[in-house]
Amino acid sequence: MIVLGIESSAHTFGVGVVKDEEPYILADVRSVYTPKSGGIHPKEAVSYFIEKAPDTIVKALDEAGIAIDKVDAIAVTLGPGLGPCLRVGATIARALATYYGKPLIPVNHAVAHVEIGKLIFRFKDPLVVYLSGGNTLITSLSEGRYRIFGETLDISLGNFLDTLARELRLAPPYVVSGLHQIDRCAQEGRNFLDLPYVVKGQDVSFSGLLTAALKLYKTGKVNLPDLCYSVREIAYSAIVEISERGLAHTGKKEMLVVGGVASSPVLRSKLEAMASVRNVNLGIVPPKYAVDNGVMIAWTGLLMFKHNISVRPEEAYVKQRWKIDQVDILWAT
Amino acid sequence: MIKSIFCGPLKLIALGAEAALYRTCFEDLDALVKVRLPKPYRDPTLDKMLRSRRTELEGKILAELRLKGLKVPALYYVNLENALLIMEFIEGLTLRDLVFMKGGQVTKYFKYWGVFTALMHETGIVHGDLTTSNVIVKDEEIYVVDFGLAKYSNKVEDRATDIHLMIRAVESTHYTVKEALLKAFSEGYKEVLGEQTFKELLEKVKEIRMRGRYVEERRMRKNI
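Residues numbered from 1 in each chain as written. Chains lettered and ligands numbered in written order. Predicted model: local features only at pLDDT ≥ 70, side-chain atom pairs only at ≥ 80, totals over all residues. Heavy atoms only, no water.

As annotated in an unreviewed UniProt entry, chain A is tRNA N6-adenosine threonylcarbamoyltransferase from Zestosphaera tikiterensis. The Sequence similarities (unreviewed entry) field of the UniProt record for chain A holds the comment "Belongs to the KAE1 / TsaD family." As stated in UniProt under Catalytic activity (unreviewed entry), the record for chain A gives "L-threonylcarbamoyladenylate + adenosine(37) in tRNA = N(6)-L-threonylcarbamoyladenosine(37) in tRNA + AMP + H(+)". (UniProt positions renumbered as here; feature names shortened; annotations may be inferred.)

Undergrad: Please set out the interface of chain B and chain A residue by residue, giving values where relevant.
TA: Listed by partner, the interface residues are 43 residues for chain B and 39 residues for chain A. Both faces combined, the contact of chain B with chain A buries some 3,400 Å², and carbon together with sulfur accounts for 49% of it. For glutamate 151 of chain A, the salt bridge goes to arginine 168 of chain B, with nearest N and O atoms at 3.2 Å. Counting across the interface, chain B meets chain A through 14 residue pairs in polar contact (both at pLDDT 80 or more). Looking at the side of chain B that touches chain A element by element, the count peaks at nine residues for helix 4 (residues 156-173) of chain B. Split by residue class, the side of chain B that touches chain A holds 13 nonpolar, twelve polar and 18 charged. (Contact = heavy atoms within 4.5 Å. Buried area = accessible area lost by both parts, 1.4 Å probe. Salt bridge = Lys/Arg side-chain N within 4 Å of Asp/Glu carboxyl O. Polar contact = N/O pair within 3.5 Å; in protein donor to acceptor, adjacent residues only side chain to side chain. Helix = DSSP H or I, 4+ residues; strand = E, 2+ residues; numbered from the N terminus. Nonpolar A, V, L, I, M, F, W, Y, C, P; charged D, E, K, R; others polar.)

Undergrad: Can you explain the domain arrangement of chain B? Please cite residues and give values.
TA: Residues and elements named next belong to chain B. Domain annotation of chain B identifies domain 1 (3-88) and domain 2 (93-223). Using only C-alpha atoms to locate each centre, domain 1 and domain 2 end up separated by 25 Å. Taken together, the contact pairs 17 residues of domain 1 with 18 residues of domain 2. For the pair domain 1 and domain 2, the summed buried area comes to about 1,400 Å², and 69% of that belongs to carbon and sulfur atoms. The largest share of the area that domain 1 buries against domain 2 comes from Ile61, Leu70 and Lys71, three residues that together contribute 40% of it. Inspection of the domain 1/domain 2 interface yields two salt bridges. As a salt-bridge pair, glutamate 141 and lysine 71 come within 3.8 Å of each other at their nearest N and O atoms. Our count for the domain 1 to domain 2 interface comes out at three residue pairs in polar contact (both at pLDDT 80 or more). (Domains from an automatic or database assignment.)

Laid out in structure tokens, this is it:
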């Protein structure tokens, strides 16, 4: 069985082709839109996607060495993400499915991040720590869905680090040589400053820490590296603590970390230290697949298709706020 | 060094997220030892600060609730330097396990749990990690344990966080019997603090759920 998947929820127009047996991944082609300044401009992203889409799809089929009639189904991200961006992928997928008479598979982007991680590490039932730009949450499979065990009560870890870096005039650019500006600035820090550490049950909160850190910074009496160091230690420790709480609560023996924010080497080493003490099998999705891509959509589509899940093209609406815990997970137990 | 105060061997019974729990004998009593272990992933100053502060607060809160007559483990001993507490060992099944075994037939315990929570809130204390794993049923009564994240607060926000955590624990692990369990809990809570207080609390819970991940609910409301 071969499935072609299309991803277009934010910056990346990605097309992946996967198979239900080794080597699984047959093609992985991506066209990434980079804004000239600031954040993502949906209009610009859309015109970029429309321009790149045909070539990206043709290239993926070439890479897989197949013609489109050998594809068993078309999978597409229907959410969550930016509406205008999602609609490009959805429109193309609907057209392909209709024109070539292929089943259309509606894929949730967050579920796909998890499923590709499970494939990479051959995990069966992990606790998932999801750290992307927009999300900070702990989830795992329970009674047929990815239920959320913990999350941020306000802003995501990624958003927190970026905002702080910007306010401290360390960014943009936010990441230099694979290291976030807060991590860089923290390298010279030595003294730990007492700032709010907020863990409520299995949830974290960063807004109080952000406010307190900026207030301290504005007094002008604080050593900047010490501030970065303390804030970083608090924020990462809180994430590791709620992950550990999730493990204790669910009893899972595998821990999967997905999303681009997990690429911080400091956070990785903290997660590794915790996992080794708890004797848990840790898998941190490598950057290549931690960022958005079509392969994860194709793979999730394949799992769904095997359970006869498809959608009629005329009913394949995009859902910008489609949460991970709204999807029935039929292919895992 | 610590060992000398015990009258029996230390048997590890759980490695929790932040503490190791041992069962042992202390002053001829069946006892639970809770030690907050140093975390290799934390800055040493932060680590010491968190362990000592949390141990102190937990000890105070356990003692206070016990004095108020609420069913929590009795506190036997405190050592802040080693972030260690010794307390009564409560033998029984967790409410989490009971729900898995008996499904919706455990509503009465949820009612007791509601009563307990309201009384605790009335005392000015919130639990901070109010899940079914932290309720133990012994001799048909419920004991609430693990006050590791508890604090003094009369804020509606903090009380609502307790309720929010309780609801989420039920939703995330006992989804199929959710409604009957939540109803029983709310009946118990209302018995103590009244219909109106609980209603206000639920309003706040809704507000909490509309932050963070519950964006779809927020979005829907905005569109109305």
